[in-house]
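Listed below are the residues making up each chain.
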Amino acid sequence: LLLHLDRWLLVGSASLQSLPELEIGTSVLPTPSVLIAFESNFIVTKIRSLGALLCLGQAIAAKQAALFGVKGQAVDLIGGLGFPRHQVITLGRFRQVSRMSDAEPTATSAAPCEELKDKLKVDGEAAAPAETPVEPPHPTGLTLDERFALARSVAEECINDDELRLLLAKKPIPVAYDGFEPSGRMHIAQGVMKAINVNKLTKAGCHFKFWVADWFAQLNNKMGGDLKKIQTVGKYMVEVWKAVGMDLSKVEFLSSSEEINKRPDEYWTLVMDIARKNNLKRIVRCSQIMGRSETEELSAAQIFYPCMQCADIFFLKADICQLGMDQRKVNMLAREYCDDIKRKLKPIILSHRMMPGLLEGQEKMSKSDPNSAIFMEDTEAEVNTKIKKAYCPPKVTAGNPCIEYVKYIVLPWFGHFEVRRPADNGGDRRYATAEELVADYEEGGLHPGDLKAGLSRHLNEILQPVRDHFENNAEAKDLLKKVKSYKITK
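Thresholds, definitions, all that
Residues numbered from 1 in each chain as written. Predicted model: local features only at pLDDT ≥ 70, side-chain atom pairs only at ≥ 80, totals over all residues. Heavy atoms only, no water. UniProt positions renumbered as here; feature names shortened; annotations may be inferred. Disulfide = S-S within 2.5 Å. Helix = DSSP H or I, 4+ residues; strand = E, 2+ residues; numbered from the N terminus. Buried < 20%, exposed > 50% of the residue type's maximum accessible area, 1.4 Å probe, protein only. Contact = heavy atoms within 4.5 Å. Arc of directions from axis to C-beta. Salt bridge = Lys/Arg side-chain N within 4 Å of Asp/Glu carboxyl O. Axes fitted to C-alpha atoms, helices over the stretch in contact; angles between N-to-C directions. Parallel < 35°, antiparallel > 145°, perpendicular 65-115°, else oblique. Left-handed = near helix turned anticlockwise from the far one by under 90°. Core = buried A, V, L, I, M, F, W, Y, C linked by side-chain atoms within 4.5 Å. Phe/Tyr/Trp six-rings, centres within 6.5 Å; stacked < 30°, edge-to-face > 60°. Lys NZ or Arg CZ within 6 Å of the ring centre and 35° of its normal. Nonpolar A, V, L, I, M, F, W, Y, C, P; charged D, E, K, R; others polar. Pairing = 2+ DSSP bridges. Right-handed = clockwise from strand over helix to strand, strands pointing away.

For the protein chain, the name recorded in an unreviewed UniProt entry is tyrosine--tRNA ligase, with Volvox africanus as its organism. Under the heading Sequence similarities (unreviewed entry), UniProt records this for the protein chain: "Belongs to the class-I aminoacyl-tRNA synthetase family."

Pasting the structure below:
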């Protein structure tokens, strides 16, 4: 039996299961872990064999130390050593170097016990003082704090932060998901903001699943309920994300109609169980996810829709739901369903901000109103005209769509926002943070005209690769032509 005590690990009751196993022979103990205390120095290991416990028992007796904790069932073995029932959280140092043979030991020899005593320093000087715990490396090369900050930055609201951090700590590659109805041309919030968010999550180590919700668009009467048109729009949207710079190396696009038909028994069983466990009033409260109000007359298909969207989360095995704030109610329905079925691990909700329309009083962009949004393949002239007409009151940032565009699109994309103006009008100015921008605008240091000019220039720079793609790629060009010819239906 060889132990090296040259690395400190921070060990909690939840992480004991992930430590390397230590065993001699095949006499396996019924308890998975023990904690050994030598004065102020702690050693944490897993003990899987009777032989190992015998050696440790002799080493402990030699030092007159107390064996005082296990995780699991209480047992009483060897020399009256007691194992009280409680969880252990402490700082310990441990490394397994090798395992002995699986052959059944006939007796526990003194040699390994003496060697163990020597390794544990029971007859010599005390072990060295603790070092700072070393966080195991993640494939991304980022620390846990960095990965958490990246993932958290995509959301206006997170339910909840502690669960998100624990997920990132425990699961090397969590699954994040978003679903979208292919319902017409893509506006800049769906195109650029989603690309920013997906890139952040994949950089943080997530695998991202896009649920191309063609059946859902049909249920919601998008494209007049024509499934072929809906699927064409879905292909167009994927082309947009490719062109704008979404990192697709850790992204997969899954068609709801295809995937559900592959595993119908699993999917529809889930949907039926969710429907059975909720009353009609609770489901109607989710109608906002379809762009409908609770007072609106809904079709039977639209009543069924929330149950299906809730089932998607479990069907896709998603750990993180990364959708807009308008989808919050159905994501909460999924967490409530976890309570109903006694499931401890609930999906984490990262809800991003909803971008307002460009005109006064428009709380969100609308595909049916071309003046309310910038679309991903708008020409430079169209972008300039729409921004010029946008609502942008002087010294007012609340409800100002131009300020919102800079805060949530331009700054995350470029890392700064630059205004160009003559020296007699204040000269050029670069803003590195949203706080700088808001303060200067509210004080009157930035004029709406200069804000709009800078915004148009930055947006056109972001969108130019998309324009080029749909102009130069024959397949993409044909898709855009078809999508533009379709009538948008609500």
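*Asks:* I tried to follow the state of the cysteines on my own but got confused; where do I start?
*Replies:* If you walk through the whole model with that rule in mind, you get zero disulfides. Left unpaired, Cys286 is separated from the closest cysteine sulfur, that of Cys310, by 7.9 Å.

*Asks:* Please clarify how the environment of Ser456 should be interpreted in this entry.
*Replies:* Looking at the element boundaries, Ser456 is found in helix α16 (residues 448-472). A relative accessible area of 7% means that Ser456 is categorised as buried. A C-alpha to C-alpha distance of 6.5 Å links Ser456 and Val383, two positions 73 residues apart in sequence. In contact with Ser456, other than residues within four places in its own chain, are Val383, Asn384 and Ile387.

*Asks:* Which parts of the structure should I look at to understand helix α3 (residues 144-152)?
*Replies:* Since the α-helix advances by 3.6 residues per turn, residues separated by three or four positions end up pointing in the same direction. By the burial criterion, the buried members of α3 are Leu144, Arg147, Phe148, Leu150 and Ala151. Take α3 and look down its axis: the buried residues cluster within an arc of 160 degrees, on one side only. Those residues of α3 hidden inside the fold are in contact with α4 (161-170), α5 (188-203) and β14 (348-351).

*Asks:* Teacher, can you tell me more about the pattern of salt bridges here?
*Replies:* Side-chain pairs of opposite charge can arise where the charged atoms are in close proximity. Tallied over the entire structure, the rule returns 25 salt bridges. Between Asp378 and Arg185 there is a salt bridge, and its shortest N-O distance comes to 3.0 Å. Here Arg185 lies in the loop between β10 (175-180) and α5 and Asp378 lies in the loop between β14 and α13 (380-389), a separation of 193 residues in the sequence. You can call Asp378 buried: its relative accessible area is 2%. Asp339 is paired through a salt bridge with Lys346; the nearest N and O atoms lie 2.7 Å apart.

*Asks:* Help me out: how do you make sense of the packing of α5 against helix α14 (residues 401-414) in this one?
*Replies:* The description of two helices packed together rests on the angle between their axes and the distance between the axes. As a packed pair, α5 and α14 sit with axes 10 Å apart at the nearest point and diverge in direction by 45 degrees. Taken as axis vectors, α5 and α14 run oblique relative to one another. Note on packing geometry: the crossing formed by α5 with α14 is left-handed. From α5, Ile188, Val192, Met193 and Ile196 reach across to α14, where they touch Tyr405, Tyr408, Ile409, Pro412 and Trp413.

*Asks:* Looking at this structure, I do not really get the nonpolar core. What am I missing?
*Replies:* General note: in soluble globular proteins, nonpolar side chains tend to be found buried as a group. Membership of the largest hydrophobic core comes to 77 residues, with the highest contact counts inside it found for Ile188, Tyr236, Tyr405, Leu451 and Leu459. The contact partners of Leu459, leaving out residues within four places of it in the chain, are Ile188, Ile374, Val383, Ile387, Tyr405, Ile409 and Val410. Counting residues in hydrophobic clusters, the runner-up holds 29 residues, among them Trp211, Phe216, Leu270 and Ala311.

*Asks:* Could you clarify how one ought to interpret the packing of aromatic side chains in this entry?
*Replies:* Any two aromatic rings considered together are summarised by their centre-to-centre distance and by the angle between their planes. Scanning the model with the defined rule gives 14 aromatic pairs in all. Between Tyr267 and Phe315, the ring centres sit 5.1 Å apart and the planes meet at 80 degrees, which makes this aromatic pair edge-to-face. Residue Tyr267 is located in helix α9 (residues 264-276), and its partner Phe315 is located in helix α11 (residues 300-315); the two are separated by 48 residues in the primary sequence. What makes Tyr267 buried here is its relative accessible area of 0%. In this structure, Arg165 is placed above the aromatic ring of Phe148, and the distance from its NZ or CZ to the ring centre is 4.6 Å.

*Asks:* What's the story with the packing of α5 against helix α7 (residues 227-244) in this structure? I'm lost.
*Replies:* Direction vectors running N to C along α5 and α7 enclose 55 degrees, while the axes themselves pass 10 Å from each other. Relative to α7, the element α5 lies oblique. In the crossing of α5 with α7, the sense of the turn from one axis to the other is right-handed. Residue-level inspection shows Gln190, Gly191, Val192, Lys194 and Ala195 of α5 in contact with α7, the latter providing Met237, Trp241 and Val244. Within the contact of α5 with α7, the residues separate by chemical class into five nonpolar, two polar and one charged.

*Asks:* Where do I start with the pairing of β10 in this structure?
*Replies:* One face of the sheet, then the other: side chains in a regular strand alternate in exactly this way. A large share of β10 lies buried, amounting to five of its six residues. Sheet topology note: the β10/strand β11 (residues 207-212) ladder contains six bridges and is parallel. Residue pairing in the sheet places Ala176 in a bridge with Phe208 of β11. Here two bridges tie β10 to strand β13 (residues 320-321), and the two strands are oriented parallel to one another. Paired with Tyr177 across the bridge in β13 is Cys321.

*Asks:* Sorry if this is basic, but what is going on with the sheet that holds β10 here?
*Replies:* By way of backbone hydrogen bonds, the strands of a sheet pair with one another, either parallel or antiparallel. The strand order β9-β14-β13-β10-β11-β12 describes an open sheet built from six strands, whose pairing is mixed. Single-partner strands in this sheet number two, and they are β9 (157-159) and β12 (251-255). α4 contacts β9, β13 and β14 of the sheet and is inclined by roughly 110 degrees relative to β14. Sitting on the sheet, α5 is in contact with β10, β11, β12 and β14, with an inclination near 145 degrees to β11.

*Asks:* So what exactly am I meant to see when it comes to the pairing of β11 here?
*Replies:* With respect to burial, β11 is a largely interior element, five of its six residues being buried. Traced from β10 through α5 to β11, the parallel crossover comes out right-handed. With five bridges connecting them, β11 and β12 associate as parallel partners. The residue of β12 that forms the bridge with Lys209 is Glu252.

*Asks:* What is the right way to look at the environment of Leu270 in this model?
*Replies:* With respect to the helices and strands, the residue Leu270 is situated in helix α9. Take Leu270: its relative accessible area is 15%, and that puts it in the buried class. The spacing of Leu270 and Cys307 is 37 residues in sequence and 8.8 Å in space, taken between C-alpha atoms. Once residues lying within four places of it in the same chain are set aside, the contact partners of Leu270 are Ala311, Phe314, Phe315 and Tyr337.

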